[in-house]
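Working through the structure, step by step
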There are 2 protein chains.
Amino acid sequence: MSIQLNLKSVAPFIREHEIDQMQSQVSRAHDLLVTGTGAGSAFLGWRTLPDDYDRAEFDRILAAASRIQKTCDILIVIGIGGSYLGARAVIDFLRSPLYNNLKKDTPDIYYAGNCISSASLTDLLSICEGRDVCLNVISKSGTTTEPAVAFRIFRNYLEKKYGKEEAASRIYVTTDRKRGTLKQFSDKAGYETFVVPDDVGGRFSVLSAVGLLPIAVSGIDIRGLMEGAADAAKAYASDDLRRNDAYRYAAVRNILYRKGKTTEILVNYEPYATMLSEWWKQLFGESEGKDGKGIFPASVTFTTDLHSMGQFIQDGSRNLFETVICIRRPGTAAYRIPADPMNVDGLSFLDGKDLDEVRDTAMQGTRLAHTDGGVPNILIEMSGRDAHALGELLYFFEIAVAISGYLLGVNPFDQPGVEAYKNNMYALLGKPGYEDRKKALEARLD
Amino acid sequence: MSIQLNLKSVAPFIREHEIDQMQSQVSRAHDLLVTGTGAGSAFLGWRTLPDDYDRAEFDRILAAASRIQKTCDILIVIGIGGSYLGARAVIDFLRSPLYNNLKKDTPDIYYAGNCISSASLTDLLSICEGRDVCLNVISKSGTTTEPAVAFRIFRNYLEKKYGKEEAASRIYVTTDRKRGTLKQFSDKAGYETFVVPDDVGGRFSVLSAVGLLPIAVSGIDIRGLMEGAADAAKAYASDDLRRNDAYRYAAVRNILYRKGKTTEILVNYEPYATMLSEWWKQLFGESEGKDGKGIFPASVTFTTDLHSMGQFIQDGSRNLFETVICIRRPGTAAYRIPADPMNVDGLSFLDGKDLDEVRDTAMQGTRLAHTDGGVPNILIEMSGRDAHALGELLYFFEIAVAISGYLLGVNPFDQPGVEAYKNNMYALLGKPGYEDRKKALEARLD
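Take the overall build of chain A next. The secondary structure content of chain A amounts to 17 helices and 10 strands. For chain A, the C-alpha radius of gyration of 23 Å lies close to 22 Å, the compact-globule estimate for 446 residues. Seen through its C-alpha atoms, chain A measures out along the principal axes to roughly 60 × 60 × 55 Å. Considering chain A as a whole, with its 446 residues, one finds that 67% of them fall into the buried category. Partitioning the intrachain contacts of chain A with sequence separation of at least 6 by distance along the chain shows that 78% fall at a separation of at least 24. For chain A, the accessible surface area stands at approximately 14,700 Å², while carbon and sulfur atoms represent 49% of it.

In structure tokens form, the structure reads like this:
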């Protein structure tokens, strides 16, 4: 495995027997998961996806990606929440957070339909000017407001630019297999479609067509990603806490939560991992934050945030723990720090040192400092920055949150709270059928 | 004022008399602030900066910005923490988070020296290839590791590309007025220098040369920014809680904290405000997170994060409150949602609606939903997206955190915890004088 859990810096906060005493609860959670008898069991498709995914569709994804690479300068990915965070996390991680600014052979990738903002839209349309554009619309139902509005706008834009027929060849739709008006409309309009599986929730969908098509367009080896996830599925199949790192992570975070550590900060040391943290926040926050419970998920990118959130983590309210992703050897070449002959900065002890070794030393120093400050540090060590290792990590978090949610006593696979704002918004916007709610809400507004 | 505090959605959680009963504590905090008798009083320069800033330096900033605009395609801003978050927040907010991808007359702006990452560095250097580059190095001491290392690298790069003399004309240094080797070295090398004021801490420095030079390069009206801040300084001069919005914000968040609301989420509805939240997180986290106390600062950008963190906020652990920045009329033109004649998305009630009105409706619906879910909502209403209004907002937060920190009983102007990781890192890297610490730390590593 490329992923290893290291609990050395949790030891001062959790006694050995506390982990042992979680075994029976973990075994029970494991049973619920593997027998499909727990809450939310209609959404367990992610478990077996890395092994039993649709090979024919996978080949279609590769073919479509190659066509998109050839026919456009910009791919606009329209989706919100789980319909875009996974792709963006993987592309930033394996290519670059500055992907769109780098010289490269693959199209720029921009994300739309994840907010309601004329400012964003205006920027995006101006960026498209004079360049060839393709669309990947990702929406299971086709009726979610943000992506639906963006799809209206960009469909109009493409049809005006290319005519209806060529526009159709530039639109790729990832949606429900059969149901839903978007599927029917796409078939009629001649858009190529891909499937959002019925049994995979949005936040678990990165390894389906939802994530894989944009990821493939960016030039990433999606086969390596799937193989990494498949290896992880094998590695995390046992319910034995001493042998299953993902389950041990789930157990430890629940132990810490029960001790009053109510916020978990996912820490990374590379700007390319920042969006991975956003994906993780949805995965954990949406799976566990319900019924008045749950560990609040936050994230930081060090060392930059050591100079903003570092003070609080070192010395503020002690309701925190950190989970640190240490990527041991990034794929990029090592970079040696040039000497400063005049020693202007007083850091001559850094002359000639490998930049990434300095980063790793900052990581070690910080871990010890934060542990000394009363913040338990869970380490997830990753042997490299590559598709296979990242596939492992994604699956590690998916299976960990499933077990963790069952340990917490919630349904890790639903998200009932997301409807509340939508229903209010629909009512206030005058959606038919919401008249009573509209009246009640309007009375409460200023 | 362009900024208004609206506490209507806090009313269900705080009784009127609770705010009144904070008046005496607030008045005492106000006294500490205005008489300079509180903790950290050596760092109160930000209070009067909008009025008494150095006019001659301000003109030099404008002149340098105009020179940079003419002589380069890319400005690299080297700084970490308060030495870069303010500029980045303002540029993203008033120009665009996609600033570097837009066609424009001003240089691209990239940020370096805020992490230790060969991956980032490699990307940045490749982006600079074939383009003209200027540097703005921002470091009070010149000895902070991250910017110092980046400065070594980019100074070498410029000197190789342009020769020593032309490189010197492309390097702008914002540093200590007199002390520090960076100031001495810059004078000798012929770099133009600007001042990091002695009495303004990093997180309060956005309205000094630290923030203003890069902001001016991006084409933003820095005079408008200063005027907005100056208006705010006048508006928030009274200690009367009923008349001072900034103080009322400080009081309310302390009341909520004392009731167990230990996490504050700064909410915005525009991607262009995302980096403003990062600036805010440093301002509040670093000012208050100490002595085992403090409200944990987090942030979300809606509606995108309603589809990731929305579930948790609606229905998870009830230790949260939200502070929502509502920007009423953005500077960009309104955008009407095109009709979808086939009603594929079932949202025909949106046909022809103004996109930003839909956004505001989402905001209202969400506020009511979250309030119903048990999350107090503080609103900060902003009349527009312009330099003057943003100047007000920056000052609003600065004075609010000063009062809030005194209410909490901490020194809002120091950051002792930031040294812990640095000292460990120096020791592990073999800095002379840290030999004993090095030995002790190494014994604890795996």
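Let us keep going from here.
Take the packing of aromatic side chains next. Within this structure, the stated rule accounts for 46 aromatic pairs over all chains. Note on F349 of chain A and Y426 of chain B: the rings are 6.1 Å apart at their centroids and 90 degrees apart in plane angle, and the pair reads as edge-to-face. With F349 of chain A in the loop between β9 (320-327) and α14 (355-372) and Y426 of chain B in helix α16 (residues 418-429), the pair connects residues from two separate chains. Grouping residues by exposure puts F349 of chain A and Y426 of chain B together as buried. Measuring from ring centre to ring centre gives 5.6 Å for Y236 of chain B and F396 of chain B, while their planes differ by 70 degrees; the resulting arrangement is edge-to-face. Placement of Y236 of chain B in the loop between α10 (222-235) and α11 (245-258) and of F396 of chain B in helix α15 (residues 387-408) is noted, with a sequence separation of 160 residues between them. Grouping residues by exposure puts Y236 of chain B and F396 of chain B together as buried. R155 of chain A extends its terminal NZ or CZ atom over the ring of F151 of chain A, reaching a point 4.8 Å from the ring centre. Over the ring of Y162 of chain A we find R170 of chain A; its NZ or CZ atom is 4.1 Å from the centre of that ring.

Within the fold, T371 of chain A resides in helix α14. In this structure, T371 of chain A is in contact with S9, P12, F13 and N377 of chain A, ignoring residues within four places of it in sequence.

Mean pLDDT for chain A: 96, with 99% of residues reaching 70 or above. With a pTM of 0.97, the predicted complex shows an ipTM of 0.97.

Residue and element names in this part refer to chain B. Tracing the backbone through its elements, the reader meets S205 in the loop between β6 (192-195) and α9 (209-217). In sequence terms S205 and R60 are 145 residues apart; their C-alpha atoms lie 18 Å from each other. Not counting residues up to four positions away in its chain, the partners in contact with S205 are G82, V200, V210 and G211.

Within the largest apolar cluster, 120 residues are counted, with the highest numbers of intra-cluster contacts made by I76 and F154 of chain A together with I76 and F154 of chain B. Those residues in contact with I76 of chain A that lie beyond four places of it in its chain are Y110, A112, L124, C128, V133, C134, L135, N136 and F154 of chain A.

The next point concerns α16 of chain B. Over its 12 residues, α16 of chain B extends 17 Å from the first C-alpha to the last, a length consistent with the 16 Å expected when each residue adds 1.5 Å. Counting buried positions over the 12 residues of α16 of chain B gives 10, a clear majority of the element. Listing the buried residues of α16 of chain B in full gives V418, A420, Y421, K422, N424, M425, Y426, A427, L428 and L429 of chain B. Its buried side turned inward, α16 of chain B meets α13 (310-315) and α14 of chain A together with α7 (145-169), α12 (274-288) and α17 (435-444) of chain B. At the exit of α16 of chain B stands G430 of chain B, carrying a positive phi of roughly 85 degrees.

Aligned on chain B, chain A shows an RMSD of 0.0 Å; the corresponding rotation is 180 degrees and the shift along the axis is 0.0 Å. On this basis, the relationship between the two copies can be described by a two-fold rotation axis. Comparing interface residues between copies, 100% of those in chain A also sit at the interface in chain B, which points to an isologous, same-surface contact.

This part covers the environment of Y172 of chain A. You can see Y172 of chain A is positioned in strand β5 (residues 171-175). On a C-alpha basis, the gap between Y172 of chain A and Y84 of chain A in space is 14 Å, while along the polypeptide they are 88 residues apart.

Moving on, we get to the interface of chain A and chain B. Between chain A and chain B, the residue contacts involve 131 residues of the former and 132 residues of the latter. With both chains or domains summed, chain A and chain B bury close to 11,000 Å², and 61% of this area falls on carbon and sulfur atoms. Viewed at the interface, chain B and chain A are joined by 8 salt bridges. As a salt-bridge pair, D340 of chain A and R155 of chain B come within 3.3 Å of each other at their nearest N and O atoms. Connecting chain A to chain B are 52 residue pairs in polar contact (both at pLDDT 80 or more). A per-class count over the side of chain A that touches chain B returns 57 nonpolar, 43 polar and 31 charged.

This model, assessed by the stated rule, comprises 60 salt bridges over all chains. Residue R152 of chain B is joined to D345 of chain A by a salt bridge in which the shortest nitrogen-to-oxygen separation is 2.8 Å. Highlighted residues: R152 of chain B in helix α7 and D345 of chain A in the loop between β9 and α14, drawn from two different chains. Considered together, R152 of chain B and D345 of chain A belong to a single accessibility category, that of buried residues. Across the pair D176 of chain B and K140 of chain B runs a salt bridge whose closest N-O atoms are separated by 2.8 Å. Of this pair, D176 of chain B sits in the loop between β5 (171-175) and α8 (181-189) while K140 of chain B sits in the loop between β4 (133-138) and α7, and the two are 36 residues apart along the sequence. For D176 of chain B, a relative accessible area of 5% corresponds to the buried category. The network of salt bridges with shared partners includes K140, D176, R179 and D198 of chain A.

Once that is clear, we can look at unusual backbone geometry. In this chain, F302 of chain A is followed by T303 of chain A through a cis amide linkage whose omega measures 0 degrees. Structurally, T303 of chain A can be placed in the loop between β8 (296-301) and α13. A positive phi angle, close to 50 degrees, is found at N343 of chain A, a residue other than glycine. On the secondary structure map, N343 of chain A appears in the loop between β9 and α14. Its identity as a non-glycine residue notwithstanding, D291 of chain B has a phi of 55 degrees, on the positive side.

All names here are of chain A. Pairing within the open sheet is parallel, and its 5 strands lie in the order β3-β2-β4-β5-β6. The open sheet has two edge strands with one neighbour each: β3 (108-112) and β6 (192-195). The sheet shows a mean angle of 20 degrees between the axes of neighbouring strands, direction not considered. As judged from the 4 bridges shared by β5 and β6, these two strands associate in the parallel manner. When the bridges of β6 are listed, V173 appears paired with T193.

So, how was this worked out
- Residues numbered from 1 in each chain as written.
- Chains lettered and ligands numbered in written order.
- Predicted model: local features only at pLDDT ≥ 70, side-chain atom pairs only at ≥ 80, totals over all residues.
- Heavy atoms only, no water.
- Helix = DSSP H or I, 4+ residues; strand = E, 2+ residues; numbered from the N terminus.
- Rg over C-alpha atoms; globule rule 2.2 N^0.38 Å.
- Buried < 20%, exposed > 50% of the residue type's maximum accessible area, 1.4 Å probe, protein only.
- Contact = heavy atoms within 4.5 Å.
- Areas by Shrake-Rupley, 256 points an atom, 1.4 Å probe, with all protein chains shown as cover.
- Phe/Tyr/Trp six-rings, centres within 6.5 Å; stacked < 30°, edge-to-face > 60°.
- Lys NZ or Arg CZ within 6 Å of the ring centre and 35° of its normal.
- pLDDT = per-residue confidence, 0-100.
- Core = buried A, V, L, I, M, F, W, Y, C linked by side-chain atoms within 4.5 Å.
- Expected span 1.5 Å × (residues − 1).
- Least-squares fit on C-alpha atoms with pLDDT ≥ 70 in both.
- Buried area = accessible area lost by both parts, 1.4 Å probe.
- Salt bridge = Lys/Arg side-chain N within 4 Å of Asp/Glu carboxyl O.
- Polar contact = N/O pair within 3.5 Å; in protein donor to acceptor, adjacent residues only side chain to side chain.
- Nonpolar A, V, L, I, M, F, W, Y, C, P; charged D, E, K, R; others polar.
- Pairing = 2+ DSSP bridges.
- Axes fitted to C-alpha atoms, helices over the stretch in contact; angles between N-to-C directions.

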